[in-house]
Amino acid sequence: MIAAAQAPVPATGGPPVSGKLVLGVSCTIHEAQALRTQLLAQADHAGPYEIDGSGVQQVDTAGVQLVVAFALDCLERGVTYRWTGRSSALEEAIRVLGVGALLECPG
Amino acid sequence: MTLDLTQFHETFFAESSEALDSMEAALLKLSAGDADAELINTIFRVAHSIKGGSATFGFSEVAAFTHTLETLLDELRAGKRRVDAALVDTLLRACDLMREMLAATQAKKRIDTTRVAALHAEIELIMETPADAPAASSAAASASAPVTPVTAVLEARSGWRVQFVPGPKLLRNGNDPLRLLRELALLAPCEVRVDAKWIPPLAELDPEECRLSWRVEINGPVKEAAIRAVFDWVEGECDLNIEAFGPAHDAPATAPAPQLPAEVVAPAVPAAAPAVVPMAAVAAAPPPAPPAPVHAEEAPGAKTAAVANADGGSIRVSIEKIDELLNSVGELVITQSVLSQLAASLEGHDAEELRNALGQLERHMRGLQESVMRVRMLPISVVFNRFPRLVRDLGQRLGKKIELRLSGDSTELDKTVLEKIGDPLVHLVRNAIDHGIETPEVRLAAGKSAHGVIELSAYHKGGNVVVEVTDDGGGLKREKILAKARERGLVGADEELTDERAYNLIFAPGFSTADVVSDVSGRGVGMDVVKRNIIELGGHVQIHSTPGKGSMVRIRLPLTLAILDGQLARVGSEVYVVPIVSIVETIQVKKELVNSIAERAQVFRLRDDYLPIVRLYELFGVEPEHTDLLAGLLMIVEADGKRVGLFVDELMSQQQVVIKSLETNFRPVVGVAGATMLGDGRVALILDVPGVISRAQTTTPRQESASRAA
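Everything quoted here is computed from the prediction, not taken from an experiment. (Residues numbered from 1 in each chain as written. Chains lettered and ligands numbered in written order. Predicted model: local features only at pLDDT ≥ 70, side-chain atom pairs only at ≥ 80, totals over all residues.)

A.B. asks: Lay out the interface of chain A and chain B in plain terms, naming residues and giving numbers.
C.D. replies: Counting residues at the interface gives 32 residues for chain A, matched by 35 residues for chain B. Among the elements of the structure, helix 1 (32-43), helix 2 (61-77) and helix 3 (88-97) of chain A are those that each provide at least two residues to the side of chain A that touches chain B. The leading source of residues in the side of chain A that touches chain B is helix 2 of chain A, at 11 residues. Residue classes in the side of chain A that touches chain B are distributed as 20 nonpolar, six polar and six charged. (Contact = placed C-beta atoms within 7 Å. Helix = DSSP H or I, 4+ residues; strand = E, 2+ residues; numbered from the N terminus. Nonpolar A, V, L, I, M, F, W, Y, C, P; charged D, E, K, R; others polar.)

This is the structure:
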């Protein structure tokens, strides 16, 4: 599940953001289609984005892969993003799957 | 869209059941003192797979129990604990319990948590003893129990490179690389490199298809089998390449992994690394080639690899699909037969060529039919595999020393036949152990070896499968059987029987086995039920016995239930198929041998027996050619020990017929086993002889006429 706040979120130190992406409690294959739809909707907005993964409690490869695909899309489009938080469950999944570097925005 | 994992439950239960069978077989080999590392790995892999699957599907009780069991097994694999008879006993009971837990889960019934908790506690107690000492349970084991250290046969390598490329269905099938990589990390420190170059743009990504792949370097003394065990559940759903490296392994890696442009070493690559992912360039690129295989002879786990490869050549297909295919082939055979009959009456040059071509078609059809039937065939080892455990347990319980010999266990027969032959065989083997094999003292006194031998063998013979259960026990007590049979009126007081008929009395219905069968072989099932089950399969059973030397029960079974050897018989314009296995003989009736015992209820004398006459035209309400018994023929048929004479107009040819279920296509009819289509396109009913006999007994001609009139 994901909630994408379309209203601009006030910048807190970084560049201004036009969309805040809040990853839901569960980011697994069960929610994968919905997560993809929400990420695509988010991509319709110009960046940069803020991604909040602090609430993620269940995550699997399908969920992480979608976020990686989103991050790579951002890279393609030259859009920057930054993480405002990542839960321990999400951190562990990112570490185990070895995708940490893919989720660091170079900007 | 959410993924419905329940669709995989059946596969999980079926695979787990097979896996538990192999675990049990491996444990039984271990108990015989064969501490092959591969056996221990097999046992571990089963527990591991079931744990993984149960956890995935949320069967938490099964997962928790197998987790504890797996921990114990891991100590065995690592050589930290010794295998002894008591430990094997505990593991066998764990195997039984897992089977019960899975069966309860499958049937959505409550798991017996008290038993689970008890065995769980027992396993934990074993693990609480120092790991390098014999297991706790072994303290109670007899001193003569085989004690086999397994350390020597397990050799570790200093490091491994694993390339793991998930297949397109891996995620959909409920598997998660995250879980697999987590498990790898438990084996030893891992360096994980992800390859993201096959990830398409988000808009084109199927979120249920894994497009990431990984290379993992495992740095530690881990066995290859332990790595493969992690991927057990995804075998066939991914490309997996495992290479050893490090000083303990001097063979060079034979398949160096290609340099992957998008690979990322998680802890080391700077944040800019994703920039190397050429998204647009690779979107249309072909998928990666499968990794080159490791040279088996150089790999430390060569045996494991070979086993895994051998298993990789099969697919699981539902029996319904095969039956559909078999059914279609059956239809084709009938069509081809119709064409052949039509062509037979044609004349001229073209007709001859047509007949030749049809002859060729017939040969190809037979080939096709045999091939499809072979798909339904399974080796009889599926049934035989349960016997080592049964013989071991029962022998221990009865204080008998028994050696079980299996031969021909690769003999194949139809899956349905296999499923139905299991219980009769169990009954025969139990009987052989209980009544056949003597106690060691009795055997020694009779000049035999203390160890009794039970032999189960299977082989093909003349289009049938023969299964023999042989024991070298005391043999059947002919006089005791005869006395009992006379007492029950099965044999006349002065009647003398051949050995064969006397021994076959034990299969007679009503031949109570109450005082000859103990609780072991009793189970409320008599030998008559064994025989009936075999006859229902279209089989035949014989018994041979030599006093003091032992007995042999020989079962002859058809290769398949889809085809039947039938005798065609005509009644008026109708043709019926009578299973040849049920026919004793066919005779012309002489007037003086027929007696009327009531209005139209007649019997006739066949040697010393009086047999009821069943007029098929009355039973099925058809117009016959003959109603006069002297004008037609009597087929003597037998079922359940009862014989009757079926009155028909004429016998036709014998032929193999393809059975079509009446139950599926119409509704069950007493006395009819199914239907088939003949070469001329006519439908013929296949008689169910026991049903015909019971129908003839319960329906008098008068009632039948009345019901027809109504």
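A.B. asks: Residue-level account of the environment of Glu237 of chain B, with values.
C.D. replies: Residue and element names in this part refer to chain B. You can see Glu237 is positioned in the loop between helix 8 (224-230) and strand 4 (238-245). Taking the C-alpha atoms as reference points, Glu237 and Leu171, 66 residues apart in sequence, are found 9.4 Å from one another. Not counting chain neighbours up to four residues away, the residues in contact with Glu237 comprise Gly167, Lys169, Leu170, Asn173 and Asn175.

A.B. asks: Explain unusual backbone geometry to me, and be specific about the residues and the numbers.
C.D. replies: The backbone phi angle of Lys108 of chain B is positive, close to 55 degrees, even though this residue is not glycine. Positionally, Lys108 of chain B belongs in the loop between helix 4 (85-106) and helix 5 (113-128).

A.B. asks: Any chance you could break down the nonpolar core for me, citing the residues and the numbers?
C.D. replies: Residues Val68 of chain A together with Ile43 of chain B are the most contacted members of the largest nonpolar core, which totals 98 residues. Among the elements that make up this core, the one with the highest residue count is helix 2 of chain A (11 residues). Taken domain by domain, this core gets at least three of its residues from each of domain 1 (5-151) and domain 2 (155-268) of chain B. Aside from chain neighbours lying at most four places away, what touches Val68 of chain A is Val99, Leu102 and Leu103 of chain A together with Ala196 and Ile199 of chain B. (Core = buried A, V, L, I, M, F, W, Y, C linked by C-beta atoms within 7 Å. Buried ≥ 20, exposed ≤ 12 C-beta atoms within 10 Å, placed from the backbone. Domains from an automatic or database assignment.)

A.B. asks: An account of the packing of helix 3 (residues 60-77) of chain B against helix 4 of chain B is requested, with residue identities and associated values reported.
C.D. replies: Residues and elements named next belong to chain B. Across the interface, helix 3 lies against helix 4 with an axial gap of 10 Å and an inter-helix angle of 165 degrees. Accordingly, the angle class assigned to the pair helix 3 and helix 4 is roughly antiparallel. Between helix 3 and helix 4 lies a crossing whose hand is left-handed. Facing Glu61, Val62, Phe65, Thr66 and Leu69 of helix 3, the residues of helix 4 in contact are Ala94, Met98, Met101, Leu102 and Thr105. Class assignment of the residues belonging to the contact of helix 3 with helix 4 gives a composition of seven nonpolar, two polar and one charged. (Axes fitted to C-alpha atoms, helices over the stretch in contact; angles between N-to-C directions. Parallel < 35°, antiparallel > 145°, perpendicular 65-115°, else oblique. Left-handed = near helix turned anticlockwise from the far one by under 90°.)

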